[in-house]
Amino acid sequence: MTFHSYTGQDYSTLGSAGKISLDQIDSLCTKSFPPCMRQLHKALRDTHHLRHGGRMQYGLFLKGIGLTLEQALQFWKQEFIRGKMDPDKFDKGYSYNIRHSFGKEGKRTDYTPFSCLKIILNNPPGQGDYHGCPFRHSDPELLKQKLQSYKISPGGISQILDLVKGTHYQVACQKYFEITHNNFLYKSSWQDLTHRPQPTSGVDLERLATAAQRNLSLTVFPAENVILLLAATSCLSYYPSLVFICMKNLGYMVDP
């Protein structure tokens with residue numbers, strides 16, 4: 001099965017620049033996480049556990065939006081203990097992999113969040129898994145129900161499902177963001193970022209910032225801005241791009 005790929009500049013080498021607190025995650029998830037991460041977060045809160053594929057996809061995402069190693073260890077340990085896991089078992093069986101993802105163990109590779117293409121193409125979820133791309137891996141009827149639970153309008157759901165039917169999974173994710181954030185990005189700048197089948201030669205960040213400030217009601221809130229732009233650029237190859245954009249060039253979020 002083929003699908004249409006939309007990629008942008010690779011910002012993965014820039015690293016994360018934001019800072020968030022653990023008590024922000026639940027509200028930010030509902031407000032601004034892309035659906036793949038929102039799905040993982042809900043599963044974690046409901047079951048107090050994720051399998052390896054889910055932990056990798058979600059853990060690196062949280063790292064990419066600014067969670068520190070210490071915060072990550074605390075976040076995962078607290079949740080797993082809620083599932084009746086013994087703290088010593090977590091320390092022995094899970095903390096190593098978290099430190100490894102931050103480049104503190106093994107080959108000390110500083111891993112970046114999964115790209116959209118990796119999530120779509122690699123390691124499809126099986127029964128009991130929650131990783132992957134909802135637009136690619138969900139049954140259309142289940143996806144429709146999920147979007148309804150997110151309070152997406154019938155018209156918006158129809159637009160998203162049409163894109164999914166055409167295998168435009170990344171653009172469907174973009175459409176979800178536009179609907180839930182009232183067309184957050186200035187349209188021409190959004191197209192510069194996401195509507196190109198081939199990698200772009202670069203993104204004019206200054207122009208993007210100027211367009212955003214001209215067209216939006218803005219308020220300073222850098223931490224949440226990280227998440228907003230993370231969702232906004234979920235159609236790019238790498239999630240950290242938005243962290244760089246928002247913290248280095250914008251420093252704003254939409255005032256709802």
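Check the entry above for the structure.
Quick look at the structure, then. (Residues numbered from 1 in each chain as written. Predicted model: local features only at pLDDT ≥ 70, side-chain atom pairs only at ≥ 80, totals over all residues. Heavy atoms only, no water.)

Right, let's get into the side chain of Gln57. In this structure, Gln57 sits in helix α3 (residues 52-64). A polar atom in the side chain of Gln57 sits 2.9 Å from the backbone nitrogen of Gly132. Discounting chain neighbours no more than four positions away, the residues touching Gln57 are Cys36, Met37, Leu40, Phe114, Ile119, His131 and Gly132. (Helix = DSSP H or I, 4+ residues; strand = E, 2+ residues; numbered from the N terminus. Polar contact = N/O pair within 3.5 Å; in protein donor to acceptor, adjacent residues only side chain to side chain. Contact = heavy atoms within 4.5 Å.)

Okay, helix α2 (residues 35-47) next. Structurally, the α-helix is built with 3.6 residues per turn, so residues lying three or four positions apart point the same way. Under the 1.5 Å per step criterion, the end-to-end length of α2 is 18 Å for 13 residues, consistent within 8% with the ideal 18 Å. For α2, the full list of buried residues reads Pro35, Cys36, Met37, Arg38, Gln39, Leu40, His41, Ala43 and Leu44. (Expected span 1.5 Å × (residues − 1). Buried < 20%, exposed > 50% of the residue type's maximum accessible area, 1.4 Å probe, protein only.)

This part takes up the environment of Thr68. Secondary-structure assignment places Thr68 in the loop between α3 and α4 (69-82). Along the primary structure Thr68 and Ile20 are separated by 48 residues, whereas in three dimensions their C-alpha atoms are 8.9 Å apart.

The next point concerns the nonpolar core. For soluble globular proteins, nonpolar side chains are generally found buried alongside one another. If you look at the biggest cluster of nonpolar residues, it comprises 46 residues, and the most contacted ones within it are Ile25, Phe33, Tyr58, Leu62, Trp76 and Phe135. Those elements giving two or more residues to this core turn out to be α1 (25-32), α2, α3, α4, α7 (116-121), α9 (140-149), α10 (154-165) and α11 (169-180). (Core = buried A, V, L, I, M, F, W, Y, C linked by side-chain atoms within 4.5 Å.)

We now examine the layout of surface pockets. In this model, the largest pocket occupies a volume close to 410 Å³. Lining the largest pocket are 19 residues, with Gln39, Asp129, Tyr130, Ser138 and Lys146 sitting closest to its centre. Within the residue set of the lining of the largest pocket, elements represented by two or more residues are α2, α8 (134-137) and α9. Along the lines of polarity and charge, the residues of the lining of the largest pocket split into 7 nonpolar, 7 polar and 5 charged. (1 Å grid on protein atoms, 1.4 Å probe; cavity = no way out; pocket = protein on both sides within 12 Å on 5 of 7 lines; lining within 4 Å. Points joined across faces, edges and corners; volume = space filled by probe spheres on them. Nonpolar A, V, L, I, M, F, W, Y, C, P; charged D, E, K, R; others polar.)

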